[in-house]
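The primary structure of each chain is shown beneath.
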Amino acid sequence: MAGMLYLCATPIGNLRDMTTRVVETLRSVDLIAAEDTRNSIKLLNHFDIKTSMTSYHEYNKVEKADYLVEQLQQGKNVALISDAGTPAISDPGEVLVKKCQEAGITVTSLPGPAACITALTLSGLSTRRFCFEGFLPSDKKEKAQILEELKEESRTILIYEAPHHLVRTLEELYEALGDRRITLCRELTKKFETILPTTIENALALYGKEEPRGEYVLAVEGKSLRQKKEERQASWQSMTIEEHMAFYKEGGMDEKSAMKQIAKDRGVPKREIYQYLLSK
Ligand code: SAM
C-alpha cells in the first residue's frame, strides 16, 4: 500500500507554536523532507525527533519530488517541512504536492503557523477579502506586470519581503499604487515582533533613517471601491456624450440601453442624456 505525504506546518519564530500533531507525525513517519536540513535539525533536536531527514529545496525540487514519490509508492510515509511556516506557501512544496496528486498519493495537511495569515490578522486592514502575492518576482518585466495588476486590486494585498529589499519594494509600491495604508509586520511571533500600521510614504521616510532588520510581511490596503468608482466617473467625464455613446454602440449596445448606461456612468438622470442627444 502506498504511503501518505504529510504537509507539516512548523513555527515561524516561536517554538511553542509547534502543534502536538506535527510533533507526533514527524516522529512516526519514515522520512522528513526539509527545505533546509541544517536549520530543521535544531527543531527536530528540540522536540527529540529522531526520524531521518532529506533535503528538498528550490534547486532539487523536481528530481527530488520524483524520488519522494517513489518512496511514497513503496509504502513509506513522508512529512514535508519548510524552513518555517506552512509548506507550499512561498516554498517548493507545491511541486511535490502536484506530483503526489498525479501519482495518486494521498496528501494531507497539518495546519499551523503561516506568516501571511498571522500578518493579515494583525494588519488592522480588511480581512474579509485579501490576496496573497508572496515575494514579488525578481524579473523586472514580470514584476512590472504584477504591480500594474495590483493598481486595481481592491482586496488587502499580502507581500513577503526580505529586509535588504524592503526599501526598494516600498518605492515600487509607492510608484505603482500611490500612497496607501500599509501595515509592516516584522519578526512575527518573535521577541522583537513589531506591527507598524502606517502609510507607504511614512514607511519610506522611516527606513530612510533606519535600516530594516528581520523578516517582514507587508499588508497593503486595496483600492477602495469608492475610489474606483470616482476614477471611472472621471474617465467618462473626459469624453463627450457623443463619444461615450459611440463607445457603447461600438460594443454592440442598442441606443436605448446605451443612454441608460451613460446616465448611470455619469451619475445623472437618463432624461438629461436623452434631451441632450435630441437637441443635437
Ligand atoms: N512558508 C512560510 C509561511 O508559511 O509563511 C513562508 C516562507 S518564505 C520562504 C519566507 C518569508 O516569509 C520571509 O521572507 C518573510 O517575508 C515571511 N516570514 C516568515 N516568517 C516570518 C516572521 N516570523 N515574521 C515576518 N515575516 C515572516
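Residues numbered from 1 in each chain as written. Predicted model: local features only at pLDDT ≥ 70, side-chain atom pairs only at ≥ 80, totals over all residues. Heavy atoms only, no water.

## Describing the overall build of the protein
As a reminder of what qualifies: Helix and strand definitions here come from DSSP, where helices need a minimum of 4 consecutive H or I residues and strands a minimum of 2 consecutive E residues; each element is numbered from the N-terminal end. Here's how the labels work: a residue is buried when its accessible area is under 20% of the maximum for its type, exposed when over 50%, partly exposed in between, all with a 1.4 Å probe on protein chains only. Two residues qualify as a contact provided that any one of their heavy atoms is within 4.5 Å of a heavy atom in the partner residue. Residue burial considers only the protein chains on display, and all accessible areas are found by Shrake-Rupley using a 1.4 Å probe. Think of it this way: Lys and Arg go in the positive column, Asp and Glu in the negative one, and His and the chain ends go nowhere. Throughout, a charge is located at the NZ atom of Lys, the CZ atom of Arg, the CG atom of Asp or the CD atom of Glu.
Secondary structure summary: the protein contains twelve helices and ten strands in total. With the principal axes as the frame, the protein shows a C-alpha extent of 85 × 50 × 30 Å. For the protein, the proportion of its 280 residues judged to be buried stands at 40%. Residue pairs in contact within the protein that sit at least 24 positions apart in sequence constitute 68% of those at least 6 positions apart. Of the accessible surface of the protein, which amounts to about 16000 Å², a share of 50% is contributed by carbon and sulfur atoms. Distance between charge centres in the protein, computed from 39 positive and 42 negative side chains, equals 5 Å.

## A word on the domain arrangement of the protein
Put simply, the rule is: Here the bounds of each domain stem from an automatic or database domain assignment.
According to the domain assignment, the protein consists of domain 1 (4-113), domain 2 (116-223) and domain 3 (226-278). Its C-alpha centre places domain 1 at a distance of 56 Å from the equivalent point of domain 3.

## A look at the site of the ligand
To keep things clear, this is the line we draw: We call a residue near a given molecule or strand whenever any one of its heavy atoms falls within 4 Å of it. Any pair of nitrogen or oxygen atoms within 3.5 Å is treated as a polar contact; in protein, a donor-acceptor pairing is required on top of that, and neighbouring residues in sequence qualify only through side-chain atoms on both sides.
The environment of the ligand is made up of 20 residues, and the closest members are T86, A115, Y160, L188 and Y216. Interatomic distance of 2.9 Å between a backbone N/O atom of I12 and a nitrogen atom of the ligand. E215 has a polar side-chain atom sitting 3.4 Å from a nitrogen atom of the ligand. Protein burial of the ligand: of its 570 Å² of free accessible surface, 91% is covered by the chains.

## Let's talk about the pattern of salt bridges
What counts is decided by this rule: Definition used for salt bridges: Asp or Glu carboxyl oxygen within 4 Å of a side-chain nitrogen of Lys or Arg.
Evaluation of the coordinates by the stated rule reveals 13 salt bridges. A salt bridge links K98 to E102; the shortest N-O distance between them is 3.2 Å. Separated by four residues within a single helix, K98 and E102 lie in helix α4 (residues 93-102), roughly one turn from each other. Here K98 matches E102 in class, with each residue exposed. A salt bridge links E221 to R181, with the nearest nitrogen and oxygen atoms 3.4 Å apart. Of this pair, E221 sits in the loop between β10 (216-220) and α9 (225-237) while R181 sits in strand β8 (residues 181-186), and the two are 40 residues apart along the sequence. According to the relative accessible area criterion, R181 is partly exposed, its value standing at 42%.

## Details of the side chain of S82
Structurally, S82 is set in the loop between β4 (78-81) and α4. S82 gets classed as buried once you look at its relative accessible area, which sits at 3%. At 3.0 Å, the side chain of S82 and the backbone oxygen of A84 are in polar contact. There is a polar contact of 3.3 Å between the side chain of S82 and the side chain of D91. Residues within four places of S82 in sequence aside, it is in contact with T10, E35, S40, P87 and D91.

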